[in-house]
Amino acid sequence: MVRSDRPTRARAPLKAGAAGERAEQVLAPISEVPDDLVELGYIGDAYGIRGWIKVQPHTGEGEGLLSADRWYFRRPGESTYSMAHVLHSRGHSGTVVAQLRGSANRTAAEALKGLQVWVPRSAFPTAGEDEFYWVDLIGAQVTNLQDEVLGKVVGLLDNGVHTVLRVAYETAPVDGKPAKTAERLIPFVGRYVQTVDVDAGRIVADWGLDY
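These figures come from a predicted structure and were not determined experimentally. (Residues numbered from 1 in each chain as written. Predicted model: local features only at pLDDT ≥ 70, side-chain atom pairs only at ≥ 80, totals over all residues. Heavy atoms only, no water.)

1. Description of the overall build of the chain
Working step 1: Secondary structure summary: the chain contains 2 helices and 15 strands in total.
Working step 2: The buried share of the chain, reckoned over its 211 residues, is 41%.
Working step 3: A total of about 11100 Å² of accessible surface is found on the chain, and carbon and sulfur atoms cover 48% of it. (Helix = DSSP H or I, 4+ residues; strand = E, 2+ residues; numbered from the N terminus. Buried < 20%, exposed > 50% of the residue type's maximum accessible area, 1.4 Å probe, protein only. Areas by Shrake-Rupley, 256 points an atom, 1.4 Å probe, with all protein chains shown as cover.)

Pasting the structure below:
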């Protein structure tokens, strides 16, 4: 989550673990998936020896992961999902560590490596005034005060001081060379970001085309 005024599904085939533990022992088959799933990260590794996993969030500080009591999973390139109940979760050095029901040892946790982690958007806590979830800003069109289109938000960065919008746009052809995609980096602070309309997917920033 960021503040605008900050300083600034049947189960997919799964691999067996080295000692015979299988991801299927943790993940439950599902026939339906929520229609508001958001991909929030992936399982990067096991954490400790008691079945905990380490999730690398795609954005933010694990927003959405810590509030959900069940996570959905999919392997890259697959189309089907599975689900597991979250017994414990907490932030840990830029990642989220968690224990899923049925994961009792490191071997079981290691069998889950590589899975994408999805959470229903409806499971997120309500954002406060002037607060926005990163996932809600992705895809928003950014225009400036002159109503010129600056591009679309394709990601966000946190430089330790404030959040920065990554705004992608198409450059004009030059000397016969085709147009290409470039990025503008716009600090997500009140000095530059004037309005954010999540429902309309629109952000207005005090930023020039030539910045």
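2. Re the packing of aromatic side chains
Working step 1: Counted by the stated rule, this structure contains 5 aromatic pairs.
Working step 2: An angle of 75° between the planes, with centres 5.0 Å apart, marks the rings of Phe124 and Tyr133 as edge-to-face. The same class applies to Phe124 as to Tyr133, namely buried.
Working step 3: Taking the centre distance of 5.3 Å and the plane angle of 75° together, the rings of Trp207 and Tyr211 count as edge-to-face. (Phe/Tyr/Trp six-rings, centres within 6.5 Å; stacked < 30°, edge-to-face > 60°.)

3. Here we look at the pattern of salt bridges
Working step 1: Under the criterion given, the structure shown has 5 salt bridges.
Working step 2: In this structure, Arg106 engages Glu110 in a salt bridge whose closest nitrogen and oxygen atoms are separated by 3.1 Å. With a gap of 4 residues between them, Arg106 and Glu110 both fall in helix α1 (residues 106–110), about one helical turn apart.
Working step 3: Given the relative accessible area of 31%, Arg106 is considered partly exposed.
Working step 4: The residue Arg166 makes a salt bridge to Glu183 at a minimum N-O spacing of 2.6 Å. Here the residue Arg166 occupies a position in strand β12 (residues 163–170), and Glu183 occupies one in strand β13 (residues 181–187), the gap between them amounting to 17 residues.
Working step 5: Classification of Arg166 by relative accessible area gives partly exposed; the value is 25%.
Working step 6: Its relative accessible area of 38% is what places Glu183 among the partly exposed residues. (Salt bridge = Lys/Arg side-chain N within 4 Å of Asp/Glu carboxyl O.)

4. Description of the nonpolar core
Working step 1: Counting 27 residues, the largest nonpolar core has Ile53, Trp71, Phe73, Leu100 and Leu112 as its most contacted members.
Working step 2: Elements supplying a minimum of two residues to this core: β3 (37–47), β4 (52–57), β5 (70–74), β6 (82–92), β7 (95–100) and β8 (116–120).
Working step 3: Here Leu112 is in contact with Ala23, Val26, Leu27, Ile43, Ile53 and Leu100, once residues within four sequence places are set aside.
Working step 4: In terms of nonpolar packing, the next biggest core, distinct from the first, is built from 16 residues, Leu137, Ile203, Ala205 and Trp207 among them. (Core = buried A, V, L, I, M, F, W, Y, C linked by side-chain atoms within 4.5 Å. Contact = heavy atoms within 4.5 Å.)

5. Description of the side chain of Gln116
Working step 1: In this fold, Gln116 is placed in strand β8.
Working step 2: Overall, Gln116 belongs to the buried group, its relative accessible area being 11%.
Working step 3: A polar contact is formed between the side chain of Gln116 and the side chain of Trp118, at a distance of 3.5 Å.
Working step 4: When residues no more than four places from it in sequence are discounted, the contact partners of Gln116 are Glu39, Gly41, Tyr42, Tyr72, Phe73, Arg74, Arg75 and Pro76. (Polar contact = N/O pair within 3.5 Å; in protein donor to acceptor, adjacent residues only side chain to side chain.)

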